[in-house]
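Summary of structural features
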Amino acid sequence: MRQERISILGMGAMGRALAGALLEAGRDVTVWNRTPGKAGDLLARGAREVRSVEEAIEAGDLTVACLLDDASVREALAPAIRKLAGRTLVNLTSGSPRQARELAGWLEEYGVRFLAGGIMAVPPTVGTDGAFILYSGTRDLFDRVAPVLGPIGRPHWAGEDPGFAALYDVGGLSGMYGIGAGASHAVALVHAEGGDVEAFKREVLQPWMEQMLPIMVAGSDVSESVPDEYNPAMQATGLETMLSVSEEAGVPDEQAGHLRTSLWEMRRGVAAG
């Protein structure tokens, strides 16, 4: 029988979003939070709130942790760890690959079936077509759990290594923050020189970034060389110009870090070429 009764540990913005999407899909949802009373309208929608992690584990066929960090997960689970024996835990708390592997080892000692995870969504997009969830751990457990948690986001198996979901999550977030840093710097530059920021974002920045994103992702690799068609020497000169323009406009140097990274890559490419 598929697991349908789900207990969620953590009622922050993301935990509430997960619970809401599961309730919308007709799942039986039990919630727990260190500070009671944060379930909000989830209770009116059919969720049940319990006062202890032990109660939450007993109430669900599947327990999902969505807490602040790795330390908070261990702190919450420690008093109830024996209750988890023979049960399934999915940890969707952000952390490092090392932490996920160590957590997997600890849980294995108690006979807990475990999937590590990473949420590639923000709370408002949980449950939408754009959301997807990374999982790592045994394939058979993923195949059993994925249909149950499908309503929160498209499930993607990252591999057997329990650290891979966190690894891919951090990598994806790194790419997102890189895009955000570039966009913020671009807007700061236009604003500093008196340009129409909204028109720039709408008519130039967004269409340009949408056009270039697939090319940039496809061209990313770990090689020190840069393809000849990229002309790293020319790009290095262009990046030096961009940094000069940014400095002349009075944009804080910290906002140009992504340009310095690209300049380093192009200079390295010239040296390797």
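Structure report, in brief. (Residues numbered from 1 in each chain as written. Predicted model: local features only at pLDDT ≥ 70, side-chain atom pairs only at ≥ 80, totals over all residues. Heavy atoms only, no water.)

1. Here we look at the overall build of the protein chain
Helix and strand counts for the protein chain stand at nine helices and eight strands. Taken along its principal axes, the extent of the C-alpha atoms in the protein chain is 65 × 40 × 30 Å. Contacts in the protein chain between residues far apart in sequence, at least 24 positions, make up 61% of those at least 6 positions apart. For the protein chain, the accessible area works out to roughly 14700 Å², and carbon and sulfur atoms hold 55% of it. Between the averaged position of the 24 positive side-chain charges in the protein chain and that of its 36 negative side-chain charges there is a distance of 10 Å. (Helix = DSSP H or I, 4+ residues; strand = E, 2+ residues; numbered from the N terminus. Contact = heavy atoms within 4.5 Å. Areas by Shrake-Rupley, 256 points an atom, 1.4 Å probe, with all protein chains shown as cover. Lys, Arg positive; Asp, Glu negative; His and termini not counted. Charge placed at Lys NZ, Arg CZ, Asp CG, Glu CD.)

2. Describing empty space enclosed by the protein
Gaps left between atoms show up when a probe the size of a water molecule is rolled over them. One pass over the structure, following the stated rule, counts one cavity of 30 Å³ or more. Approximately 100 Å³ is the volume found for the largest cavity. Among the secondary structure elements, those contributing two or more residues to the lining of the largest cavity are α4 (97–109) and β6 (113–120). The class makeup of the residues in the lining of the largest cavity is five nonpolar, seven polar and one charged. (1 Å grid on protein atoms, 1.4 Å probe; cavity = no way out; pocket = protein on both sides within 12 Å on 5 of 7 lines; lining within 4 Å. Points joined across faces, edges and corners; volume = space filled by probe spheres on them. Nonpolar A, V, L, I, M, F, W, Y, C, P; charged D, E, K, R; others polar.)

3. Digging into the packing of helix α6 (residues 164–192) against helix α7 (residues 197–218)
Packing of α6 against α7 leaves a shortest axis separation of 11 Å and a crossing angle of 150°. Once α6 is placed against α7, the crossing between them reads as right-handed. Along its contact with α6, which presents Ile 179, Ala 183, Ala 186, Val 187, Val 190 and His 191, the element α7 presents Val 197, Phe 200, Lys 201, Leu 205, Met 209 and Leu 213. A per-class count over the contact of α6 with α7 returns ten nonpolar, one polar and one charged. (Axes fitted to C-alpha atoms, helices over the stretch in contact; angles between N-to-C directions. Left-handed = near helix turned anticlockwise from the far one by under 90°.)

4. Observations concerning a nonpolar patch on the surface
On the surface, a nonpolar cluster with roughly 250 Å² of combined accessible area is contributed by Ile 179, Leu 213 and Val 217. Along the polypeptide, Ile 179 turns up in helix α6. A relative accessible area of 37% means that Ile 179 is categorised as partly exposed. (Patch = residues over 30% accessible without salt bridge, like charges linked within 9 Å, V, L, I, M, F, W, Y side chains within 5 Å. Salt bridge = Lys/Arg side-chain N within 4 Å of Asp/Glu carboxyl O. Buried < 20%, exposed > 50% of the residue type's maximum accessible area, 1.4 Å probe, protein only.)

5. Concerning helix α5 (residues 139–149)
Every buried residue belonging to α5 is among Leu 141, Phe 142, Val 145, Ala 146, Val 148 and Leu 149, and all of these are buried. One side of α5 carries all its buried residues, which in axial view fall inside an arc of 160°. (Arc of directions from axis to C-beta.)

6. Comments concerning helix α8 (residues 232–249)
Helix length check: α8 (18 residues) gives 25 Å between terminal C-alpha atoms against 26 Å at 1.5 Å per residue, within 8%. Looking at the buried side of α8, the elements it contacts are α6 and α9 (257–272). Positive phi appears at Gly 250, one or two residues downstream of α8, with a value of about 80°. (Expected span 1.5 Å × (residues − 1).)

7. Remarks on the pattern of salt bridges
Throughout the structure, instances matching the rule amount to 14 salt bridges. Between Arg 267 and Glu 240 there is a salt bridge, and its shortest N-O distance comes to 2.9 Å. Of the two residues, Arg 267 is situated in helix α9 and Glu 240 in helix α8; the sequence distance between them amounts to 27 residues. Overall, Arg 267 belongs to the partly exposed group, its relative accessible area being 46%. According to the relative accessible area criterion, Glu 240 is partly exposed, its value standing at 34%.

8. Side note on the packing of α6 against α8
Following both chains from N to C, one finds α6 and α8 inclined at 50°, their axes separated by 9 Å at the closest point. Here α6 is positioned oblique relative to α8, judged by the angle of their axes. Considering how the two elements wind past one another, α6 and α8 form a crossing that is left-handed. Contacts between α6 and α8 involve His 185, Leu 189 and Ala 192 on the former and, on the latter, Val 245, Ser 246 and Ala 249. Class assignment of the residues belonging to the contact of α6 with α8 gives a composition of four nonpolar, two polar and no charged. (Parallel < 35°, antiparallel > 145°, perpendicular 65-115°, else oblique.)

9. Regarding the nonpolar core
Among the nonpolar cores identified, the biggest contains 34 residues, and Ile 8, Leu 18, Val 90, Leu 92, Tyr 135, Leu 149 and Ile 152 are the most heavily contacted of them. Elements with a minimum of two residues in this core: β1 (5–9), α1 (13–24), β2 (28–32), β4 (62–65), β6, β7 (132–136) and α5. Take this core: its biggest share by element is seven residues, from α1. Not counting chain neighbours up to four residues away, the residues in contact with Ile 152 comprise Leu 18, Ala 21, Leu 22, Leu 92, Val 126, Gly 127, Ala 131, Ile 133 and Tyr 135. Formed by 23 residues, the second largest nonpolar core is a distinct cluster that contains Val 73, Val 112, Phe 114 and Ala 116. (Core = buried A, V, L, I, M, F, W, Y, C linked by side-chain atoms within 4.5 Å.)

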